[in-house]
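# Report on the structure
Listed below, chain by chain, are the residues.
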Amino acid sequence: SDLGGTLSLWGTFYYGQPAAESSTGVEILNRAGQVVGPRISEKDWCHGAMEGTLIVKQADGATVTYNFDGTASTRQASCKPFFTRLSEEKLAALEKTRFRRARGPFGDGAQNFVLSPYRTLAVDRTKIALGTALYIPSARGVGITLPDNSSAIHDGYFFAGDVGGAIKDNHVDFFLGVSLRNPFPFVKSKDSETFEVREVLNAGTRQFLRGLHEL
């Protein structure tokens, strides 16, 4: 009675690109061309542009998170060495990425939600409403490594708190925090590899998941 109808979805994953301040490299600029963050390596900048989130450890030890803030008219980096299969059109867009400082420690989602590692799903909002709580049976019991390097066992519950330009129809994207390794064996990054998802109706569970995505 705590679960609603069943959906058949397929998944990919994304993360906040970790980076460290560098005396050389690429500056973090906003759409107005203002410097909003320190220089980081070109590789980290390009991967952050691809993922949409940068999590930068500054020279003073502080960690600051930046989110995708659209594109500008000029390229800022050369990302071809890191994404050799990307079309010229997509490469040009990537290299024009600009950032803004995020509200959430792991980045910002959609509709004023913040990202939560191993909880947030980016969805097609025409298929799954933002704010929907979801249960994925295949995720229950999967071991995960949290951002503080502690281990945990996933309970299978997720929250639709983000969107993405490539996330369409029954495609969802799992946010992994700062981990670059996908722990979920059912997430194959292929639209032919689907898994079962149930909407969560229990009010307490829904409120708990929403609370992880609000400041």
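As the structure is a prediction and not an experimental result, all values here were calculated from the model. (Residues numbered from 1 in each chain as written. Predicted model: local features only at pLDDT ≥ 70, side-chain atom pairs only at ≥ 80, totals over all residues. Heavy atoms only, no water.)

Quick look at the environment of glycine 104 now. Structurally, the position occupied by glycine 104 is in the loop between β7 (97-101) and β8 (120-122). Note: C-alpha distance between glycine 104 and serine 22 (82 residues apart in sequence) is 23 Å. Once residues lying within four places of it in the same chain are set aside, the contact partners of glycine 104 are Thr65, Val114 and Leu215. (Helix = DSSP H or I, 4+ residues; strand = E, 2+ residues; numbered from the N terminus. Contact = heavy atoms within 4.5 Å.)

Counting buried positions along helix α1 (residues 42-51) yields seven of ten residues, so the element is predominantly enclosed. Note on α1: the residue one or two positions beyond its end, glycine 52, has a positive phi of about 95°. (Buried < 20%, exposed > 50% of the residue type's maximum accessible area, 1.4 Å probe, protein only.)

Quick look at the side chain of glutamine 76 now. Following the sequence through the fold, glutamine 76 ends up in the loop between β6 (63-71) and α2 (88-95). A distance of 2.4 Å separates the side chain of glutamine 76 from the backbone oxygen of glutamate 27, its partner in a polar contact. Among residues more than four places away in sequence, those in contact with glutamine 76 are Val26, Glu27, Ile28, Leu29, Trp45, Glu95, Thr97 and Arg98. (Polar contact = N/O pair within 3.5 Å; in protein donor to acceptor, adjacent residues only side chain to side chain.)

A few words now on the side chain of aspartate 69. Tracing the backbone through its elements, the reader meets aspartate 69 in strand β6. Under the relative-accessibility criterion, aspartate 69 is labelled buried at 17%. Excluding its chain neighbours within four sequence positions, the residues that come into contact with aspartate 69 are Asn30, Arg31, Arg98, Phe99 and Arg100.

Which parts of space are left empty comes out when a probe the size of a water molecule is rolled across the atoms. Here the largest pocket defines a volume of roughly 1,000 Å³. Forming the walls of the largest pocket are 30 residues, and the residues nearest its centre are Met50, Glu51, Gly164, Gly165 and Ala166. Listed by contribution, the elements that provide at least two residues to the lining of the largest pocket are β1 (3-14), α1, β6, α2, β7 and β13 (171-175). Each residue belonging to the lining of the largest pocket can be placed in one class, and the counts come to 14 nonpolar, ten polar and six charged. (1 Å grid on protein atoms, 1.4 Å probe; cavity = no way out; pocket = protein on both sides within 12 Å on 5 of 7 lines; lining within 4 Å. Points joined across faces, edges and corners; volume = space filled by probe spheres on them. Nonpolar A, V, L, I, M, F, W, Y, C, P; charged D, E, K, R; others polar.)

Reading around the barrel, the six strands line up as β1-β13-β8-β12-β9-β14 and close back on themselves, with mixed pairing between neighbours. Each neighbouring strand pair of the sheet contributes to a mean axis angle of 50°, computed without reference to strand direction. Here β1 pairs with strand β14 (residues 194-200) via six bridges, running antiparallel. What sits directly across from leucine 9, in β14, is phenylalanine 195. (Pairing = 2+ DSSP bridges. Axes fitted to C-alpha atoms, helices over the stretch in contact; angles between N-to-C directions.)

Our next topic: the packing of aromatic side chains. Think of a pair of aromatic rings as described by two things: how far the centres are apart, and how the planes are tilted against each other in angle. Within the structure shown, the criterion is met by twelve aromatic pairs. Geometrically, the ring pair formed by tryptophan 45 and phenylalanine 99 is edge-to-face, given 6.0 Å between the ring centres and 85° between the ring planes. Note that tryptophan 45 is positioned in helix α1 and phenylalanine 99 in strand β7, a separation of 54 residues in sequence. An identical accessibility class is assigned to tryptophan 45 and phenylalanine 99; each is buried. Aromatic pair tyrosine 118 and phenylalanine 184: ring centres 6.4 Å apart, planes at 80°, arrangement edge-to-face. A residue pair is termed long-range when its members are at least 10 positions apart, and tyrosine 118 in the loop between β7 and β8 and phenylalanine 184 in the loop between β13 and β14 qualify at 66 residues. Each member of the pair, tyrosine 118 as well as phenylalanine 184, carries the same accessibility label: buried. (Phe/Tyr/Trp six-rings, centres within 6.5 Å; stacked < 30°, edge-to-face > 60°.)

Across all of its chains, the model carries seven salt bridges by this definition. Note that aspartate 108 and arginine 100 form a salt bridge whose closest N and O atoms lie 2.9 Å from each other. For aspartate 108, a relative accessible area of 8% puts it in the buried group. Taken together, the shared-partner salt bridges in this structure form one network comprising Arg75, Glu88 and Glu95. (Salt bridge = Lys/Arg side-chain N within 4 Å of Asp/Glu carboxyl O.)

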